[in-house]
Amino acid sequence: MPFKSPIAERLVLIGVASLLWAGHVESATGSLPDGSFDPGIGQSELDLHPTGDGRQWMAFNRWQGLMGIVDDRGFEIRGPLPDPNWQQRFELIGYGRGEGSVAFSDPQLGDCDARKIEWHSGAAVIQYRHGEEGLRQNFIINERLPGTTALRVRMGSTGDLEPILLDRGTLSLRDKQGQTRFLYHGLKAWDAEGKALSAWMELGTADGHALLTIAVDDRGAEYPITIDPVSSTANTL
């Protein structure tokens, strides 16, 4: 059985990817008559808008030339705007130590506002925030898992882009021409006392699809633990 602290111990895993889109947005709703971009209208578009089924939200990001879709099973990125010709999805699988895993199952909608959506799945909270810098994904684990091996959060990736792990902290998503459409990169991790922790990404396959794992060595760490990928540009997912 997972150990439950009498105080609110929690593990916070924050995932950010940098969206590097080199295309040109020729036109889009909210453009001025001369074709230039209206930042005021762009700000209103940053809100996460619910769709008809109540379990999916959509957001447009004119700064990135991309759109994001968030639901109870993960998120999807499409680009470039105004007429997307590629899409890539990240599907939540689970978290755990070693080969064991607690599935992200039966997510329930939690705290939400115009720029934030939360899903609760057992002891885990999956949170999404949207702003000019992009769509930010956070994982909050509210119960300590037993064991001393690295804690791992797993997601599957499918779509038109090919994931390529460039190093321990950089995942490149490339189109068929080899152009990077966005990066998931820059991992940093630290505990409640500010001590830096080792964190890295792993890329494999499962059921014929790409499998992305975010891992952190939390031995000797004081909770809560934060894992925060840092973007190298202003364009982040």
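See the structure printed just above.
Residues numbered from 1 in each chain as written. Predicted model: local features only at pLDDT ≥ 70, side-chain atom pairs only at ≥ 80, totals over all residues. Heavy atoms only, no water.

1. Comments concerning the pairing of strand β11 (residues 124-131)
Here is step 1: Counting buried residues in β11 gives seven out of eight residues, a clear majority hidden from the surface.
Here is step 2: Inspection of the sheet shows strand β10 (residues 116-121) paired to β11 by six bridges, in the antiparallel sense. Looking across to β11, one finds that Lys 116 is bridged to Arg 129.
Here is step 3: Taking the residues that link successive antiparallel strands as the turn, the β10-β11 hairpin has two residues, and the phi of Gly 122 there is positive, at about 60°.
Here is step 4: Pairing of β11 with strand β12 (residues 134-141), which is carried by eight bridges, proceeds in the antiparallel orientation. Bridging from a neighbouring strand, Gly 131 pairs with Gly 134 of β12.
Here is step 5: Hairpin geometry of β11 and β12 is characterised by an intervening segment of two residues between the two adjacent antiparallel strands. (Buried < 20%, exposed > 50% of the residue type's maximum accessible area, 1.4 Å probe, protein only. Helix = DSSP H or I, 4+ residues; strand = E, 2+ residues; numbered from the N terminus. Pairing = 2+ DSSP bridges.)

2. Some remarks on the nonpolar core
Here is step 1: In terms of nonpolar packing, the biggest core is built from 42 residues, with Phe 90, Tyr 95, Phe 104, Tyr 128 and Met 155 touching the most fellow members.
Here is step 2: Broken down by element, this core gets its largest block of residues, four residues, from strand β7 (residues 86-97).
Here is step 3: Setting aside residues no more than four positions away along its own chain, Tyr 95 makes contact with Gly 100, Ser 101, Val 102, Phe 104, Ala 123, Ala 124, Ile 141, Leu 145, Arg 152 and Val 153. (Core = buried A, V, L, I, M, F, W, Y, C linked by side-chain atoms within 4.5 Å. Contact = heavy atoms within 4.5 Å.)

3. A word on the environment of Leu 165
Here is step 1: Within the secondary structure, Leu 165 sits in strand β14 (residues 162-167).
Here is step 2: Judged by its relative accessible area of 31%, Leu 165 falls in the partly exposed class.
Here is step 3: A C-alpha to C-alpha distance of 9.7 Å links Leu 165 and Leu 183, two positions 18 residues apart in sequence.
Here is step 4: Excluding anything up to four places from it in sequence, Leu 165 contacts Thr 170, Leu 171, Met 201, Glu 202 and Leu 203.

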